[in-house]
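Descriptive structure summary
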Amino acid sequence: MPAVVCIGGIAWVLSTLDRREVVALARRSDPWLLALSVAPLLVRFWIWGAKFAWMVRPEAPLGVRDATRDVAAGAFLNLLTPTAKLAGGVLRATRLRRRWGWRRSVAYGWILADQLTNVLGNLLLFGFLALAAAGSFRDPGVARAVAGGGALALGSCAAVLALRRPAWNALRH
């Protein structure tokens, strides 16, 4: 079913484009550079799928291929839906629920946990990059602000990691 949604979305997007202009652009493009630009995207989705499969593994034997397929379909659906990016998460939770018969709340809980780890990963990356880049700014005020933002991001990650078990225990009781 996710493939049908993706193909339908692609067909809709393609139907809105001027075919002659698309063909002209494709003919002028460098196929090697185009392939090179797609490779990091494919690796990103594979890493995301592997991370999610690893997260769910204690509860269900989700394979990396299925997880990656679901992640990519969810991301694609999120790009097609206006405003809030909820449709992809709902799709992924529905797929989990159908595979293992989980309650909706359990399936969507795993999706929320996955999304939280994505946010933490982005904060961690931003934090390290901001701290590394802070020294390159000539204006000391800007350098302090960038370093402060990086420290805040890293501190937020540390706080979430430190508080996750107590928060989980409080929610369960």
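Criteria and cut-off values
Residues numbered from 1 in each chain as written. Predicted model: local features only at pLDDT ≥ 70, side-chain atom pairs only at ≥ 80, totals over all residues. Heavy atoms only, no water. Axes fitted to C-alpha atoms, helices over the stretch in contact; angles between N-to-C directions. Helix = DSSP H or I, 4+ residues; strand = E, 2+ residues; numbered from the N terminus. Parallel < 35°, antiparallel > 145°, perpendicular 65-115°, else oblique. Left-handed = near helix turned anticlockwise from the far one by under 90°. Contact = heavy atoms within 4.5 Å. 1 Å grid on protein atoms, 1.4 Å probe; cavity = no way out; pocket = protein on both sides within 12 Å on 5 of 7 lines; lining within 4 Å. Points joined across faces, edges and corners; volume = space filled by probe spheres on them. Nonpolar A, V, L, I, M, F, W, Y, C, P; charged D, E, K, R; others polar. Phe/Tyr/Trp six-rings, centres within 6.5 Å; stacked < 30°, edge-to-face > 60°. Buried < 20%, exposed > 50% of the residue type's maximum accessible area, 1.4 Å probe, protein only. Lys NZ or Arg CZ within 6 Å of the ring centre and 35° of its normal. pLDDT = per-residue confidence, 0-100. Salt bridge = Lys/Arg side-chain N within 4 Å of Asp/Glu carboxyl O.

Direction vectors running N to C along helix 5 (residues 87–100) and helix 6 (residues 104–134) enclose 130°, while the axes themselves pass 8 Å from each other. Taken together, the axes of helix 5 and helix 6 are oblique relative to one another. Of the two possible hands of crossing, helix 5 and helix 6 adopt the one that is right-handed. Each of Gly-89, Val-90, Arg-92, Ala-93, Leu-96 and Arg-97 in helix 5 lies in contact with helix 6, whose residues at this interface are Arg-104, Ala-107, Tyr-108, Trp-110, Ile-111, Asp-114 and Gln-115.

A separate point is the layout of surface pockets. The computed volume of the largest pocket comes to approximately 850 Å³. Lining the largest pocket are 19 residues; nearest its centre among them are Met-55, Trp-110, Ala-113, Arg-164 and Trp-168. Taken together, the elements giving at least two residues each to the lining of the largest pocket come down to helix 3 (31–56), helix 6 and helix 7 (140–172). Each residue belonging to the lining of the largest pocket can be placed in one class, and the counts come to 13 nonpolar, two polar and four charged.

By the definition in use, this model includes two aromatic pairs. Consider the rings of Phe-45 and Trp-48, whose centres lie 6.0 Å apart with planes at 15°: the pair is stacked. Here the residue Phe-45 and the residue Trp-48 both occupy positions in helix 3, the gap between them amounting to three residues, near one helical turn. Classification of Phe-45 as buried rests on a relative accessible area of 14%. Of note, Arg-92 hangs over the ring of Phe-52, and the distance from its end group to the ring centre comes to 4.6 Å.

Position of Asp-114 among the secondary structure elements: in helix 6. Note on Asp-114: relative accessible area 0%, which makes it buried.

Moving on: the confidence of the model for the protein chain. Taken residue by residue, the protein chain gives an average pLDDT of 89. The fraction at 70 or more is 95%. The lowest-confidence element of the protein chain is helix 1 (residues 2–15), averaging 74 in pLDDT; the highest-confidence one is helix 6, averaging 93.

Next up on the list: the pattern of salt bridges. Across all of its chains, the model carries six salt bridges by this definition. Between Asp-18 and Arg-20 there is a salt bridge; the shortest N-O distance is 3.9 Å. Overall, the relative accessible area of 38% leaves Asp-18 in the partly exposed class. Residue classification places Arg-20 among the exposed positions, given a relative accessible area of 69%. Here Asp-70 ties to Arg-99 by a salt bridge, and the two come within 2.6 Å at their closest N and O atoms. With Asp-70 in helix 4 (residues 64–80) and Arg-99 in helix 5, this pair connects stretches of sequence that are 29 residues apart. Looking at Arg-99, the relative accessible area reads 27%, which means it is partly exposed. Each of Lys-51, Arg-92 and Asp-114 takes part in a single network of salt bridges with overlapping partners.

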